[in-house]
Amino acid sequence: MNNPYLPYPVRIADVRVETEDKNLRSYWLSFENKEDAAAFRYEPGQFAELSIAGLGEIPIGIASSPTEGDTLLFTVNKTGVVTTKLHNMQPGDVMGVRGPLGKSYPLAASEGKNIVIIAGGFAVTTLRATMVWLLNPENRPKYGDITFIYGARAPGMLLYKDELTAWQGRDDVRCHITVDRPAEGWDGIVGFVPTVTEQAAPSPDNAVALVCGPPIMIKYTQPVLDKLGWQADQILLSLENRMKCGIGICGRCNVGPYMVCKDGPVFTKAELDHLPKEY
Amino acid sequence: MITAYKILGKNAFEGFFGSLAQGREVYAPAQKSGKIVWAPMHSAADVDWRLDNTDMSPKEFFFPQSECLMRFKNAEGEGGRVMVPVAPLATQRVLLNIRPCDAKAFRLLDRIFVQDDMTNDPYWRDKREKTILIGQGCVNPCPECFCTSVGCGPFHEDGLDILLTDLGDRLLVKPISGKGLAMVKDLPEAAPGDIDLAGKIMAASEAAVKTYPGFEPKKLAGRTVLDIYDLPLWSSLYETCLNCGTCTFVCPTCHCFDIQDEVRGEAGRRVRNWDSCMQKLFTEHASGHNPRGEKRDRVRQRFMHKFTYIPMRRDGELGCVGCGRCVRFCPTNIDVREVVRRMGEDVEAKSK
């Protein structure tokens, strides 16, 4: 009997400290059993429950792309008991992963369109998955222009620095990497994500925007997109309600008629406009 | 379609009970320390036909208050920390004298626990598949009941395998599912007079429920989430609520839960426990942000979930079966019938 509560055993293959405050770390996890890797078919935008026996589970967006093979990437912020334990774990340690859960970004439905990605802070994780997927040689020809706008508080707080450098070096991606304030050694863009978005002025023509970031960033980015002529059904947002079961039963992530874990976490702005702001 | 009514004299019930109990555990309502509880029945004599509905709903048979999902060893190293799901239910079960409202609640919950292949809940499904539901029509509905307001009724058949009607010294037996028919096929056919008598009892019971306070949920149909979310009543209703969660725990359709790990020495288990949207921690994020941090938000959530969100998902079907337990057990007398009436009145006034 298929048991959606049962985590797959995975082994930590690699750990990388992402940020200068050392609170954000990336974990590459490899499946202990080949058949589990085959069963775990995911798409960018989905999430999983990381599971440490004895402590519990946490829902985390999948930061790797399925085009990167069977190893999964999660970037974890140290906030609670599970994440604190995780920060003490080493390559070779075994834990669990359950998923994939939730809906992905509608990438298949967006073929032929220009893609605009707007990310703030830690929320760049599932958008990293999307970027890697889009830039895969098999997928890249299916899309038009790709614009990537990403901001962090400081240069040392940017995630996935190697990938950022690689993307900035490509001529088929418009990259706008920004930090909030001027910093020593930083000769890139300075300014908040909404301001940078306004300057980049991505066109809404035949395009979709994937926006993920802290609520304050979303709040001030939205009017910019409105001004540029973006419609609510072209904008995809990702909610982050507290989720436990991940399969639409336990009820805690309920907003309006939706369970965020199953009906989301990706929603269009048009869908969210009809919901109470309970997220 | 199965329409053949059967008849079972209470003096002949012992034989029928014997066939029920063959290879199955039988549970029915019983009086215990002043409460009406679900209890194992060891013989036909244990069955009490005159009891009101149980205080707690029978959802515990399929969704226990605390349920072990899987076990693990807590030791590091090989074999440690690997999760092993608990074994399926070993025996078949019969719930005897379950009320139609409670049986209907299981049909509602089936749509949540058994959604599709990817996400259905094996723990719920296993126990549902191995349980037979023999209903007893309500001949004496409790004054807090409002089943007829929510599309249910004292003799509603949805979810049952067999429906019994108490005719005094005998029971009219109506098989509803194929499983139910197989269990009663050897009973004698009912006489037309018995069927007529049952019809009169049903009509009287239905009429009794309709004399109780109820509400008209149609006033809420077709309204948007935001129409109802902003009604003035939410700003005062919450003041009497204690957020104790009693309404959610006694409710046969509430299904929220938490998942927690428990460890004792080397032994560990992952359990799910009933949880409640009345609790502040229920929705609090790891960051400290809480989408329903105020009591008003949580009280509104309970009523809107049952009377707005679920109907939106299910073509108007409400998330309530009218069993009346939340009315009966609320320590501050919040009455769902009054709340839904006010939701309807407020939303009508707003649209004028």
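Thresholds applied
- Residues numbered from 1 in each chain as written.
- Chains lettered and ligands numbered in written order.
- Predicted model: local features only at pLDDT ≥ 70, side-chain atom pairs only at ≥ 80, totals over all residues.
- Heavy atoms only, no water.
- Helix = DSSP H or I, 4+ residues; strand = E, 2+ residues; numbered from the N terminus.
- Rg over C-alpha atoms; globule rule 2.2 N^0.38 Å.
- Buried < 20%, exposed > 50% of the residue type's maximum accessible area, 1.4 Å probe, protein only.
- Contact = heavy atoms within 4.5 Å.
- Areas by Shrake-Rupley, 256 points an atom, 1.4 Å probe, with all protein chains shown as cover.
- Lys, Arg positive; Asp, Glu negative; His and termini not counted.
- Charge placed at Lys NZ, Arg CZ, Asp CG, Glu CD.
- Pairing = 2+ DSSP bridges.
- Axes fitted to C-alpha atoms, helices over the stretch in contact; angles between N-to-C directions.
- Buried area = accessible area lost by both parts, 1.4 Å probe.
- Salt bridge = Lys/Arg side-chain N within 4 Å of Asp/Glu carboxyl O.
- 1 Å grid on protein atoms, 1.4 Å probe; cavity = no way out; pocket = protein on both sides within 12 Å on 5 of 7 lines; lining within 4 Å.
- Points joined across faces, edges and corners; volume = space filled by probe spheres on them.
- Nonpolar A, V, L, I, M, F, W, Y, C, P; charged D, E, K, R; others polar.
- Arc of directions from axis to C-beta.
- UniProt positions renumbered as here; feature names shortened; annotations may be inferred.
- Core = buried A, V, L, I, M, F, W, Y, C linked by side-chain atoms within 4.5 Å.

An unreviewed UniProt entry lists chain B under the name 4Fe-4S ferredoxin, with Desulfolutivibrio sulfodismutans given as the organism.

Looking at an unreviewed UniProt entry, one finds chain A named Heterodisulfide reductase subunit F and attributed to Desulfolutivibrio sulfodismutans.

Okay, the overall build of chain B next. Helix and strand counts for chain B stand at 11 helices and 11 strands. Its C-alpha atoms give chain B a radius of gyration of 22 Å, near enough to 20 Å, the size a compact globule of 352 residues would have. Viewed in the frame of its principal axes, chain B has a C-alpha envelope of about 70 × 65 × 40 Å. Taken across its 352 residues, chain B has 54% of its residues classed as buried. Here the contacts in chain B between residues at least 6 apart in sequence split such that 73% fall between residues at least 24 apart. Carbon and sulfur atoms make up 52% of the accessible area of chain B, which totals about 15,400 Å². With 49 positive and 47 negative side-chain charges, chain B shows a separation of 1 Å between the mean positions of the two kinds.

What follows deals with the overall build of chain A. Within chain A one finds eight helices and 15 strands. Since a compact globule built from 279 residues should have a radius of gyration of about 19 Å, the 18 Å found for chain A is in line with a globular shape. A principal-axis box enclosing the C-alpha atoms of chain A has dimensions of 50 × 45 × 35 Å. Across the 279 residues in chain A, those meeting the buried criterion constitute 57%. For chain A, the proportion of contacts with a sequence separation of at least 24, taken over those separated by at least 6, is 69%. Computing the positive centroid from 27 side-chain charges and the negative centroid from 32, chain A places the two 5 Å apart.

A word on the sheet that holds strand β10 (residues 257-264) of chain B. Residues and elements named next belong to chain B. Overall, antiparallel pairing links the four strands, which are arranged β5-β4-β11-β10 in an open sheet. The open sheet has two edge strands with one neighbour each: β5 (84-85) and β10. Here seven bridges tie strand β4 (residues 66-73) to strand β11 (residues 267-274), and the two strands are oriented antiparallel to one another. When the sheet's bridge partners are listed, M70 is paired in β11 with R270. The sheet strands contacting helix α3 (residues 122-129) are β4, β5 and β11, and the helix crosses β4 at an angle near 125 degrees.

The interface of chain B with chain A comprises 50 residues on the first partner and 42 residues on the second. Summed over both partners, the interface of chain B with chain A comes to about 3,700 Å²; 54% of that surface belongs to carbon and sulfur atoms. Between the two partners, chain B and chain A, sit six salt bridges. Measuring nitrogen to oxygen at the nearest pair gives 2.8 Å for the salt bridge that ties A:D263 to B:R313. Taken together, the elements giving at least two residues each to the side of chain B that touches chain A come down to β4, α2 (100-113), α3, α6 (225-229), β10, β11 and α9 (295-313) of chain B.

Turning our eyes to something else, we now look at empty space enclosed by the protein. Once rolled over the atoms, a probe with the size of a water molecule shows which space is left empty. All names here are of chain B. Scanning the model with the defined rule gives four cavities of 30 Å³ or more in all. Lining the largest cavity are 18 residues, and of these C241, C247, R302, C330 and I334 lie nearest its centre. Taken together, the elements giving at least two residues each to the lining of the largest cavity come down to α8 (246-250) and α9. Looking at the lining of the largest cavity, its residues break down into 12 nonpolar, four polar and two charged. Contributing to the lining of the second largest cavity are 17 residues, with C254, C256, C277, H305 and K306 lying nearest its centre. It is α9 that provides the largest number of residues to the lining of the second largest cavity, a total of five residues. Its residues assigned to classes, the lining of the second largest cavity shows five nonpolar, eight polar and four charged.

Residues and elements named next belong to chain A. When we look at burial in helix α5 (residues 193-200), the residues that qualify are V193, P194, V196 and T197. All buried residues of α5 project into a common sector of 165 degrees when viewed along the axis, lining one side. The inward-facing, buried residues of α5 contact β7 (114-120), β8 (146-152), β9 (174-179), β10 (189-190) and α6 (215-227). One or two steps after α5, the chain reaches A201, where phi turns positive at roughly 45 degrees.

Turning our eyes to something else, we now look at the UniProt feature "binding site: [2Fe-2S] cluster" (unreviewed entry) in chain A. Following the UniProt record, the feature "binding site: [2Fe-2S] cluster" (unreviewed entry) maps to A:C245, A:C250, A:C253 and A:C261 here. Sequence-wise these annotated residues cover 17 residues; spatially they are packed, their C-alpha atoms never more than 9.9 Å apart. Structurally, A:C245 is set in the loop between β12 (235-238) and β13 (254-255). Every residue in contact with A:C245, bar those within four places of it in the chain, is listed here: A:Y5, A:R98, A:C250, B:F257 and B:I259. Here A:C261 lies in helix α7 (residues 260-263). A:C261 sits in the buried class, given a relative accessible area of 2%. Setting aside residues up to four positions removed in sequence, A:C261 forms contacts with A:F47, A:L101, A:G102, A:M243, A:G246, A:I247, A:G248 and A:C253.

What follows covers the nonpolar core. As a rule of thumb, nonpolar side chains are buried together in soluble globular proteins. With 56 residues, the main nonpolar core has A:Y5, B:L95 and B:F257 as its most contacted residues. Of the residues forming this core, the biggest block, five residues, is contributed by α2(B). Not counting residues up to four positions away in its chain, the partners in contact with B:F257 are A:Y5, A:C245, A:I249, A:C250, A:R252, B:F63, B:F113, B:R272, B:N273, B:W274 and B:D275. With 41 residues, the next largest nonpolar core counts B:V150, B:V209, B:V340 and B:V347 among its residues.

Below, the discussion takes up the UniProt feature "domain: FAD-binding FR-type" (unreviewed entry) in chain A. UniProt tags residues 5-107 of chain A as "domain: FAD-binding FR-type" (unreviewed entry). The distance separating the terminal C-alpha atoms of residues 5-107 of chain A is 27 Å; by composition the span is 13% helix and 43% strand.

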